[in-house]
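Here is what each chain is made of, one letter per residue.
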Number of protein chains: 2
Amino acid sequence: AVHGARKMEDYGRFLALLASSLLFGFVSVILSLVWVFHYREGLSWDGSAAEFNWHPVLIITGFVFIQGIAIIVYRLPWTWKCSKLLMKFIHAGLNTIAMILAIVSMVAVFDFHNAKNIPNMYSLHSWIGLTAVIFYSLQLFSGFAVFLLPFAPVRLRAALMPIHVYSGLTIFATVIATALMGITEKLIFALQNPAYSASPPEATFVNCLGLLLVIFGSLILWMASRPHWKRPPAENAKILRPIGATPEGTEVESTMTNSSNADKSDLRSNTEVARKQNIKFDDAGQRSTM
Amino acid sequence: AVHGARKMEDYGRFLALLASSLLFGFVSVILSLVWVFHYREGLSWDGSAAEFNWHPVLIITGFVFIQGIAIIVYRLPWTWKCSKLLMKFIHAGLNTIAMILAIVSMVAVFDFHNAKNIPNMYSLHSWIGLTAVIFYSLQLFSGFAVFLLPFAPVRLRAALMPIHVYSGLTIFATVIATALMGITEKLIFALQNPAYSASPPEATFVNCLGLLLVIFGSLILWMASRPHWKRPPAENAKILRPIGATPEGTEVESTMTNSSNADKSDLRSNTEVARKQNIKFDDAGQRSTM
């Protein structure tokens, strides 16, 4: 009963964090729209500043909010009865949407720059932003090839999973850092009279948007890195090997936080390390096959 | 023998990453000095732009490089025979130095702004930077009170350790993001003829410095988040309790990556879960007492 109460309390804590991050993410998207419609030129696709405005809106919607949700989609407890394959499609699908929006938002900037004869790719924002988009594409294609297509052997999947998780979280953090640089650039260039340094309402408003992005990112990274909030391994997964076949020294942890929830929930009542090793390996296999 | 060879290979990989991060961190400090001495007004403390220049130099030296080293100091294998208490003093000491340098670097900016009648605290850079310094101070004081002073009970230490690790890594990433915003601001304001958008040599040079900071941060976060590179728990720690006394449901993992190295190295040859639980708890106790 005490154990159950603890579990409910922990579940409540997860829901509160999830609700907070959805709120912060959603409000960020709304604020980006208020920024471009109330303070700026609105949205259009005509080479004007209104075309540029697609850039912050699509980056915050796709590359920050949707990418953040894609990261924690395996953590949602009510999806744990869905097949892992379905969840992988949702994870890959959300990341694909995020990538498309990020690419369209870059096209908007290049188009705007070319129409106004502003050089492309001179700023640190553009260097790191383009690097992030390239790494994000590599991450998406390699994730698709290794974890979704049925060809990669389990050992390869298990070895690449910690790198996939690390890269994903690092790219996500880098994208938010790049958005903050972009906000800084835009406020300096767009606010002239009064200048950014005079703190007109638009400056304060968009600074708050920047703070919201940092809070959203911090919440997502917290939820993604708690080991006990991971999707539990399937007890009845197909790949079960004798102990001798367990690849010793192979990185079987599937995330930065590794498979300790298996230790705690499934193994507490069990006295055989043999079984533990099977489940650990099963965990890696299951996480990368179904 | 195969196991030993794997261990050596893994040790070599750690050393290569450590050497790379030291190199990237050290080169970043050098580039910040080249920036202010070759391209800018040098360093002085007279309210001029040369006083401002302390800001990037001290932030990159202290708040990025030294903080990064402080984060991974427990990972250095040749320190594992030193007492945990000594390593805690080194960790706390490096972080204290980093905080002092960060505060001095902020004083330099406020001084410069006041001398030139430039408003303070109007930019997103300043908002997030000051927030990061405040959280860093809270982290340092709470870490001192909970993990260094001998008063906090083991359960409190074990419960707070994952939060300490998460906050530390998140603040570190936020500091790098803030440095990138600062570089963006400074290049836009300082480069007028030719402008930042004309890509003069200084612009390209400092953009490269920004890239180095991102690579340094990524390397530190990779090293800090590999479970098998953690300092191993002491087998002979003082606090060992009967299984019944193990606080069930307590967060005994001491980092984001939890104590899986204990699982792999110490438990593979062991058949009792009882012993495992003792070691796990021992791990939390040891990590937070000595």
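The structure displayed is predicted, hence computed values, not measured ones.

## As for the overall build of chain A
The number of helices and strands found in chain A is nine helices and zero strands. Mapped in sequence order, the helices and strands of chain A form the string α-α-α-α-α-α-α-α-α. Counting across all 290 residues of chain A, residues that qualify as buried make up 58%. A separation of at least 24 residues holds for 79% of the contacts in chain A among residues at least 6 apart in sequence. For chain A, the accessible area works out to roughly 12,100 Å², and carbon and sulfur atoms hold 71% of it.

## Comments concerning the confidence of the model for chain A
Residue and element names in this part refer to chain A. For chain A, the average pLDDT comes to 86, and 81% of its residues sit at 70 or higher. This stretch, residues 236-290, has a pLDDT under 50; its non-local contacts, to residues over four places away or in other chains, come to 149 contacts. Reported confidences for the modelled complex are a pTM of 0.85 and an ipTM of 0.84.

## A few points about the environment of I59 of chain A
All names here are of chain A. On the secondary structure map, I59 appears in helix α3 (residues 54-72). Residue classification places I59 among the buried positions, given a relative accessible area of 13%. If sequence neighbours within four positions are ignored, I59 has contacts with V64, A102 and S105.

## Notes on the UniProt feature "domain: Cytochrome b561" (unreviewed entry) in chain A
The positions UniProt marks with the feature "domain: Cytochrome b561" (unreviewed entry) are residues 20-225 of chain A. Its end C-alpha atoms 17 Å apart, residues 20-225 of chain A is made of 79% helix and 0% strand.

## Let's talk about helix α1 (residues 2-39) of chain B
All names here are of chain B. Compared with the 56 Å implied by 1.5 Å per residue over 38 residues, the 53 Å span of α1 between its first and last C-alpha is a close match. Of the residues making up α1, those classed as buried are D10, F14, L17, L18, S21, G25, S28, V29, L31, S32, W35 and V36. On its buried side, α1 packs onto α3 (54-72), α6 (154-190) and α7 (201-224).

## Side note on the side chain of D10 of chain A
Residue and element names in this part refer to chain A. When you line up the elements, D10 lands in helix α1 (residues 2-39). For D10, a relative accessible area of 18% puts it in the buried group. Engagement of the side chain of D10 in a polar contact is seen with the side chain of H228, the distance being 3.5 Å. In this view, D10 contacts H228 and W229; residues no more than four positions away in its chain are not counted.

## Some remarks on the packing of aromatic side chains
This model, assessed by the stated rule, comprises 16 aromatic pairs over all chains. Ring plane angle 90° and centroid distance 4.9 Å describe the contact between F63 of chain A and Y136 of chain A, whose orientation is recorded as edge-to-face. Linking F63 of chain A in helix α3 with Y136 of chain A in helix α5 (residues 124-148), this pair joins segments that are 73 residues apart in sequence. The class of F63 of chain A is buried, set by a relative accessible area of 4%. Look at Y136 of chain A and you get buried, because its relative accessible area is 4%. Ring centres 4.8 Å apart and planes at 75° place the aromatic pair Y166 of chain A and W222 of chain B in the edge-to-face group. In this pair, Y166 of chain A is assigned in helix α6 (residues 154-190) and W222 of chain B in helix α7, connecting two distinct chains. You'll find Y166 of chain A and W222 of chain B in the same group, each marked buried.

## Remarks on the UniProt feature "transmembrane region" (unreviewed entry) in chain A
Residues and elements named next belong to chain A. Listed under "transmembrane region" (unreviewed entry) in the UniProt record, and renumbered for this structure, are residues 14-37, 57-77, 89-110, 130-151, 163-183 and 203-224. The annotated region residues 130-151 carries 86% helix and 0% strand content, and the separation between its end C-alpha atoms amounts to 30 Å. Helix makes up 100% of residues 203-224 and strand 0%, with an end-to-end C-alpha separation of 32 Å.

What counts, and where the lines are drawn
- Residues numbered from 1 in each chain as written.
- Chains lettered and ligands numbered in written order.
- Predicted model: local features only at pLDDT ≥ 70, side-chain atom pairs only at ≥ 80, totals over all residues.
- Heavy atoms only, no water.
- Helix = DSSP H or I, 4+ residues; strand = E, 2+ residues; numbered from the N terminus.
- Buried < 20%, exposed > 50% of the residue type's maximum accessible area, 1.4 Å probe, protein only.
- Contact = heavy atoms within 4.5 Å.
- Areas by Shrake-Rupley, 256 points an atom, 1.4 Å probe, with all protein chains shown as cover.
- pLDDT = per-residue confidence, 0-100.
- UniProt positions renumbered as here; feature names shortened; annotations may be inferred.
- Expected span 1.5 Å × (residues − 1).
- Polar contact = N/O pair within 3.5 Å; in protein donor to acceptor, adjacent residues only side chain to side chain.
- Phe/Tyr/Trp six-rings, centres within 6.5 Å; stacked < 30°, edge-to-face > 60°.

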